[in-house]
Amino acid sequence: MKDMADPPAGDYTPDELRLIECVARGGHCVLPPGEDAELPVIRGAVIAALLLGEVPGYPPTPRGVRLEGAKIVGEIDLDFAYARHDRDGPLPFLRLIGCVLTDQLNLNQSTIAGLSLAGSTLSGLSGIDTRIERNLSLYKARVGVEERSSRTAIDLSGARIGGDLFAEEAHVTGRFVLRGAKMSQLALSGAQLVADGACLSITEAEITGSIEMGHPFHATGLIDAFGVRVGGSWVLGGELKSAGKLALKGACARVGGNLGLVDVTVEGRVDFLGATVSGGFLLVGNRFDEGFNGLSVVLDDADLGIVMEVSRNTALDGDARPAGRFSLVAARTRLLDDDPWTAWPEAGRLDLTGFTYETLKAHGAANSDAKRRLDWLRLQHGKSPKAKDFSPQPYEQLAKVLRAGGHSADADRVAIEKRRMRARCKADGFWSRLVSRFMDVTSRYGYSPARALAWTTSYALAGGLILTVALHLGLVLFVPVDGPAVDTQYIWRPEAPAIVPAALRERLPGARLARASEGCPAVVTPLYAVDLIIPVLDLGQESACRLETRGALGGGVQAGRVLYQILGAILTAVLITTLTGVLKKD
């Protein structure tokens, strides 16, 4: 072991000699401050020489260089260190705690046991394809130059970190690049990342553990996480600021735990297009602006795991629903746990086309609360919905889930609303919409047998009343189908039909309706009206008596009879198909 009586050869300052001696002892070097409390100055080349074994008589020790509270001038150049010096193992640890580095630290394509820059300030760190066998610490470090936010401050593209990357409460000005890197955990809670363009790039990176971006994490610029692979969870909290642009690009991300945003202020768009989540997806307590091109959240074609929780999202001022649109086209989850009234954006700003789920859970309401769910589906449409805005699938999906849960009545309401919204959006032509309106009024599209029966019964009673009045006024007359006409006094006492009990027939009033010298005694006008509209049912009226007309209005009366028969046959068909369930189709 060397001491100061036998200094190393070379031109070293007293502080550098103290550092060399301290490193040789394997100690933690804290140099005394200079005049006016100035930091002691160490050249970057000296630190590099110590790690590389280039200080004569002072081979590197396993503990490496541990220096605190110094000013390091000039680059620390360790590029290609492992290959260049043909070492049997990695470079020893480098720990620079609370130091000020005037230039960049270079570790490109090097292998080092571990690196800590906790609390230090430096202009940049370059470690492309470097290998750090244990942890990399940037805890409370300040990296980059304020006026050069468009440059790369940290470049660890392709790096292999055997442990974790700790950057909690770090302040990075410029691009922080981890493209294709691999590590156990990425800890960025409380960090502040500021850059023109992408402030953090973890494209195609592999994090076997979790990504921690807890509150008050702050990012000004894009977080580019395209294709990132995360073995654990990735939950953000804090601020994402990239107004009018992409704020978070997580397309094709693969997350083994939970993924989401909790209590985040978002200025810009969050994009998880095609992401895959094994745990759950969280979108809770966030504040959104108009996003990028009007889109705030994109979850298209994303597999959102076992549960998707959405609640308490607002606009930036916190007083309204989120601004911007949410797109869930072809997204999927097993359980949707949301508050339909406080989680989603304003009407006309939600796209649920192709969104599928197996179970519903609503905050503060029963799962089968169809009113809430229909209000949720209506968020897809603005005040004046257009045909291009209508998709039947979200309604069919909701009806399917409700019906599978045993809530058939609520499922029917959803199926009815689907057809009503289709007509409102004018997705079909005029005549199709007219038929749709008719089916809604008469049978709720086949989902209300009581309504269909009421309409058919009322129509038949109205027909019987009209026939009775027409007979009394002499506008129509009835003659036998077979045999001569006879003098007939028509009364409202249905004596002919055997279906009316005798006791009831005796109690019916015998009001005189009309008298005809040529008539058909078998006719009972209400039953005749029913016989006209139900062709498959023979009540013995049309087969016994024929309806004829006289006078100037005869042609109109016959035309009315034909129209009455056609409409009645349609109502009868609606009743039959409703009772048999043929019209039901979610």
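Above this text sits the structure in question.
Counting restarts for each chain: residues are numbered from 1 in the order of the written sequence. Two thresholds apply to this predicted model, a pLDDT of at least 70 for residue-level local features and 80 or more for giving and counting side-chain atom pairs, whereas whole-chain, interface and lining totals are computed over all residues. Note: side-chain values were computed over all heavy atoms of the structure, leaving out hydrogens and water.

## Structural notes on the overall build of the chain
Step number 1: Secondary structure follows DSSP: runs of H or I at least 4 residues long count as helices, runs of E at least 2 residues long count as strands, and numbering of each begins at the N terminus. Secondary structure summary: the chain contains 11 helices and 43 strands in total.
Step number 2: When contacts within the chain are restricted to residue pairs at least 6 apart in sequence, those whose partners lie at least 24 apart make up 60%.
Step number 3: In these tables, accessible area is a Shrake-Rupley quantity obtained with a 1.4 Å probe, and a residue counts as shielded only by the protein chains included in the view. Within the structure as shown, the chain displays about 25,900 Å² of accessible surface, and the carbon and sulfur contribution to it stands at 55%. Contacts are assigned to residue pairs with any non-hydrogen atoms lying within 4.5 Å of each other.

## So, the packing of helix H8 (residues 449-473) against helix H10 (residues 525-533)
Step number 1: To define axes, lines are fitted to C-alpha atoms, for helices over the stretch in contact only, and angles between the resulting N-to-C directions are given on a 0 to 180 degree scale. The geometry of H8 relative to H10 is characterised by a closest axis approach of 8 Å and an angle of 125 degrees between their N-to-C directions. What the angle tells us is that H8 and H10 run oblique. Between H8 and H10 lies a crossing of right-handed hand. Together, Tyr459, Ala460, Gly463, Gly464, Leu467, Thr468 and Leu471 of H8 and Thr525, Pro526, Tyr528, Ala529, Val530, Leu532 and Ile533 of H10 make up the contact between the two elements. Any angle between 65 and 115 degrees counts as roughly perpendicular, while under 35 counts as roughly parallel, over 145 as roughly antiparallel, and the rest as oblique. Two helices crossing with the near one rotated counterclockwise from the far one by less than a right angle form a left-handed crossing, whereas a clockwise rotation gives a right-handed crossing.

## Some points on the pairing of strand S31 (residues 280-284)
Step number 1: We call a residue buried when its accessible area falls under 20% of the maximum for its residue type, exposed when it is over 50%, and partly exposed in between, using a 1.4 Å probe and counting protein chains only. Of all 5 residues making up S31, 5 are buried, and the element is well covered by its neighbours.
Step number 2: Side chains Gly280, Leu282 and Val284 of S31 all project onto a buried face; the interleaved residues Phe281 and Leu283 project onto the opposite face, where all are buried too.
Step number 3: Pairing between two strands requires that DSSP report at least two bridges joining them. When strand S29 (residues 259-271) meets S31, the two strands line up parallel, connected through 4 bridges. Among the inter-strand pairings, valine 262 is bridged to a residue of S31, identified as valine 284.
Step number 4: Pairing between S31 and strand S34 (residues 307-311): 5 bridges, direction parallel. Directly across from phenylalanine 281, in S34, lies its bridge partner methionine 308.

## Topic: the environment of aspartate 440
Step number 1: Within the secondary structure layout, aspartate 440 lies in helix H7 (residues 430-443).
Step number 2: Each C-alpha atom of the pair aspartate 440 and alanine 452 lies 10.0 Å from the other, and the pair is 12 residues apart in sequence.
Step number 3: Aside from chain neighbours lying at most four places away, what touches aspartate 440 is Ile416, Arg420, Tyr445 and Arg451.
Step number 4: In this structure the side chain of aspartate 440 is engaged in a polar contact, spanning 3.0 Å, whose partner is the side chain of arginine 420. We define a polar contact as two N or O atoms separated by no more than 3.5 Å, with the added condition that, inside protein, one atom must be a possible hydrogen donor and the other a possible acceptor, whereas residues neighbouring each other in sequence contribute only through side-chain atom pairs.

## What to know about the layout of surface pockets
Step number 1: In this structure, the second largest pocket occupies an estimated 270 Å³ of space.
Step number 2: Here a cavity denotes a set of grid points, spaced 1 Å apart and computed over the protein atoms alone, in which a 1.4 Å probe fits but from which it cannot get out, and a pocket denotes an open set meeting protein on both sides within 12 Å along at least five of seven lines; residues with an atom within 4 Å of a point are reported as lining. What lines the second largest pocket is a set of 14 residues, and nearest its centre among them are Ile466, Leu467, Gly560, Arg561 and Tyr564.
Step number 3: Of all elements in the fold, only H8 and helix H11 (554-580) reach the threshold of two or more residues within the lining of the second largest pocket.
Step number 4: Here the element with the most residues in the lining of the second largest pocket is H8; it accounts for 6 residues.
Step number 5: Nonpolar residues are Ala, Val, Leu, Ile, Met, Phe, Trp, Tyr, Cys and Pro. Charged residues are Asp, Glu, Lys and Arg, and all others, Gly as well, are polar. Of the residues in the lining of the second largest pocket, the class split is 11 nonpolar, 2 polar and 1 charged. Grid points are joined across faces, edges and corners, and a volume is the space filled by probe spheres set on the points.

## Notes on the pattern of salt bridges
Step number 1: Counted as salt bridges are all cases of a side-chain nitrogen of Lys or Arg within 4 Å of a carboxyl oxygen of Asp or Glu. What the rule picks out here adds up to 21 salt bridges.
Step number 2: Its salt-bridge partner being arginine 229, residue glutamate 206 comes within 3.6 Å of it at the nearest N-O pair. Here arginine 229 lies in strand S26 (residues 229-230) and glutamate 206 lies in strand S24 (residues 206-207), a separation of 23 residues in the sequence.
Step number 3: Residue glutamate 206 is classed as partly exposed on the basis of its relative accessible area, which comes to 27%.
Step number 4: A salt bridge links arginine 332 to aspartate 301, with the shortest nitrogen-to-oxygen separation between them at 3.3 Å. You can see arginine 332 sitting in the loop between strand S36 (325-327) and strand S37 (335-338) and its partner aspartate 301 sitting in the loop between strand S33 (295-298) and S34, a full 31 residues away along the chain.

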